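Analysis of the macromolecular model
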Amino acid sequence: MEFTIDWYFLIEKLLLISAVLGISLVVAMYSTWGERKVAAWIQDRRGPNRAGPFGLLQPLADGGKLFFKEEIIPAQANRFLFVLGPSLAMFTACLTSAVIPWGDSLTIAGREVSLQIADINIGVLWIMAVVGMGVYGIMIGGWASNNKFSLLAACRGASQVISYELPMGLALIALFMLSGSLSLKDIVEQQRDGLWFVVLQPIGFLIFLICAFAECNRTPFDLPEAENELNGGYHLEYSSMKLGFYLFAEYINMFISSVLMATLYFGGYAFPYMDSLGLDGNMLTILGIVALFLKTFFFIFLFMWVRWTIPRFRYDQLMKLGWKVLIPLALLNMLITGAVVLFRQNGFNF
Amino acid sequence: MQSLTNRATPVDRRPMTFAEKLYLPAIAKGMGITLKHLFKKKATVNYPEETRPFSPVFRGLHILNRDEEGRERCTACGLCAVACPAEAITMEAAERLPGEEHLYREEKYAARYEINMLRCIFCGFCEEACPKQAVYMSETFAPANYQRKGFIYGKDDMLIPHPQKQIKENNQ
Ligand code: SF4
Ligand code: SF4
């Protein structure tokens, strides 16, 4: 068998990876700004407005500050794990972006360039796996700093992520029963022709939304960090850019899960009547990307909106909601979806 | 027990209904409230650029006044220092020499006049006590400083500029 390397393919993918990483970082950066603005507006304040117009340079100032701060590794901490924790959090946060279809394909110089880094047929499985790994970042961080409070917070975070991964998976299974595919690209293409899955799976979407909040450790599920009862949480001993990485990873996670929600339930880059506009391929693709980002920004806003509305759960309430409410609900949703799918395919001839 | 106001409402201890147990309506309501606040008027004042308008009776930093001819009014009588409940005012008196009549209104004047703004409680008693209408309280408040000694305001901080000299300088 002849073995050739498709250099164009490699370059194209490299460019795409850099672009996706860059966009994720920029969006995460400006989410920190957006978060502070939204918080301020909700509380009738103004938010950052000193650094640059509308405070737009604030994330850069914050980043610079984090870089120049003193780095402290506690004497009794496990140095290797201490550094590994934030790196892992950041790494897993970035990794999920690989399977998301950011748009349809562009035609550049006769080549069809897919705007998805990897269209693997187990796309969602990959995301679930990587998100599951994200908990190591928190757990290792809490363990390595050799601080009882951090460890407690990390334990809370780990049990929370594990508890909420179950209903999330169950909600997704119901979705896959409808789509019949695990590839994110397929799922989007189906919504392009048919209904958005949020119409067919409203309960599933609600469960997924709640679990996404929990997986991202966002309020009301931000138990791994708790300034009042745990002096700060799993990143208590972290300073400087290592802390920055943890916080940044949270924002990347938020971005990715917003994209994911838009993709899975709100049609991704597809928007209504896109095929009847009579536009050519590239234009349509660009509009699709815009549509995806609009949906994503809405979800990012939703994350912030909820954060500044709802207080944090108590630990036992959190567990009760996860295990006693969401899992049965997700199972029920799965059961009903299964019955409907079966009925649609075979009628009553089981 | 008799209630003090008519605003008291009894606590609702009924068991929660199913809709309430879902929490989602309550959450939606809360989110509606926060969303409304997004568009409300901001309570914050952009401080250095904008300042809050003070009421006409606001008591801010002290100024030492001059008379119409630009002479210092203070005669170092010490009544303000006596009236001051915080003992923030210190002064040293000096005698006016021949030829200084255009500088000081009375035969005695304050060679040193200091108010410790960290002690001052801005009660305005000094202003009231002064028989010569020399000390007034303005509408500015004490700016921040890095050192405590920066808060001891001397005559050069408080004395308002000489009106005629000012006019001359402006005409130059
Ligand atoms: S305002 Fe009151 S406290 Fe301040 S210097 Fe005058 S008398 Fe003293
Ligand atoms: S400011 Fe008024 S009260 Fe105080 S010493 Fe001078 S003249 Fe007397």
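Residue positions are given per chain, counted from 1 along the sequence in the order it is written. Key to labels: chains lettered from A, ligands numbered from 1, both in the order written. Whole-chain, interface and lining totals are the exception, using all residues; otherwise, since this is a predicted model, local features are given only for residues with pLDDT of at least 70 and side-chain atom pairs are given and counted only at 80 or more. The side-chain quantities take in all heavy atoms of the structure and omit both hydrogens and water.

Quick notes on the pattern of salt bridges
Pairing between side chains of opposite charge can happen when the charged atoms of each approach one another. All names here are of chain A. Any carboxyl oxygen of Asp or Glu within 4 Å of a side-chain nitrogen of Lys or Arg constitutes a salt bridge here. Scanning all chains against the criterion turns up 19 salt bridges over all chains. Among the ionic pairs, K242 bridges to E71, the shortest N-O distance being 2.3 Å. Placement of the pair is K242 in helix α10 (residues 240–265) and E71 in the loop between α2 (58–68) and α3 (79–95), with a sequence separation of 171 residues. Only protein chains enter the calculation, and the probe is 1.4 Å; a residue is then buried if its accessible area is under 20% of its type maximum, exposed if over 50%, and partly exposed in between. Residue K242 is classed as buried on the basis of its relative accessible area of 11%. Under the scheme used here, helices are H or I runs from DSSP no shorter than 4 residues and strands are E runs no shorter than 2 residues, and both carry numbers assigned from the N terminus.

Here's the deal with the interface of chain A and chain B
Only heavy atoms matter for contacts: two residues are in contact if any of them lie within 4.5 Å across the pair. Between chain A and chain B, the residue contacts involve 16 residues of the former and 16 residues of the latter. Joining two parts hides part of their accessible area as seen by a 1.4 Å probe, and the buried area is that hidden amount summed over both. A combined buried area of about 1400 Å² lies between chain A and chain B, and 62% of that area is made up of carbon and sulfur atoms. In terms of surface lost to chain B, no three residues of chain A exceed D44, R46 and W305 of chain A, which account for 41% of the buried area on that side. Where chain A meets chain B, there are 1 salt bridge. Note that E49 of chain B and R50 of chain A form a salt bridge whose closest N and O atoms lie 2.9 Å from each other. Distance and chemistry together define a polar contact, namely a pair of N or O atoms within 3.5 Å, with one atom able to donate a hydrogen and the other to accept it when in protein, and with adjacent residues in sequence counting only for side-chain atoms on both sides. The tally of links from chain A across to chain B stands at 8 residue pairs in polar contact (both at pLDDT 80 or more). Looking at the side of chain A that touches chain B, the elements with two or more residues in it are α1 (7–42) and α11 (281–307) of chain A. Considering each element in turn, the side of chain A that touches chain B owes the most residues, 4 residues, to α11 of chain A. Grouping the constituent residues of the side of chain A that touches chain B by class yields 10 nonpolar, 2 polar and 4 charged. Only Asp, Glu, Lys and Arg are considered charged in this grouping, and only Ala, Val, Leu, Ile, Met, Phe, Trp, Tyr, Cys and Pro are considered nonpolar; every other residue, Gly among them, is considered polar.

Details of the site of ligand 1
Near, as used in this document, describes a residue that has one of its heavy atoms within 4 Å of the molecule or strand being considered. Taken together, 13 residues are adjacent to ligand 1, and C84, C120, C123, G124 and C126 of chain B come closest. Tallied by class, residues from the shell around ligand 1 come to 11 nonpolar, 2 polar and no charged.

Side note on the sheet that holds strand β5 (residues 152–153) of chain B
Residues and elements named next belong to chain B. Pairs of strands are assigned from DSSP output, requiring at least two bridges between the strands. Here we have 3 strands laid out as an open sheet, ordered β2-β3-β5, and antiparallel in their pairing. This sheet does not close on itself; its edge strands, each paired only once, are β2 (89–95) and β5. Across 7 bridges, β2 lies against strand β3 (residues 108–116) in antiparallel orientation. Among the inter-strand pairings, A94 is bridged to a residue of β3, identified as Y109.

As for the UniProt feature "transmembrane region" (unreviewed entry) in chain A
Residues and elements named next belong to chain A. Per the UniProt record, "transmembrane region" (unreviewed entry) is annotated on residues 14–33, 80–100, 120–140, 161–182, 194–214, 251–271, 283–305 and 325–343. Within the segment residues 80–100, helix and strand shares are 76% and 0% respectively, and the terminal C-alpha atoms sit 32 Å apart. Secondary structure content for residues 161–182 is 86% helix and 0% strand, while the C-alpha to C-alpha distance between its ends is 22 Å. UniProt positions are given in the numbering used here, feature names are shortened, and annotations may be inferred rather than shown by experiment.

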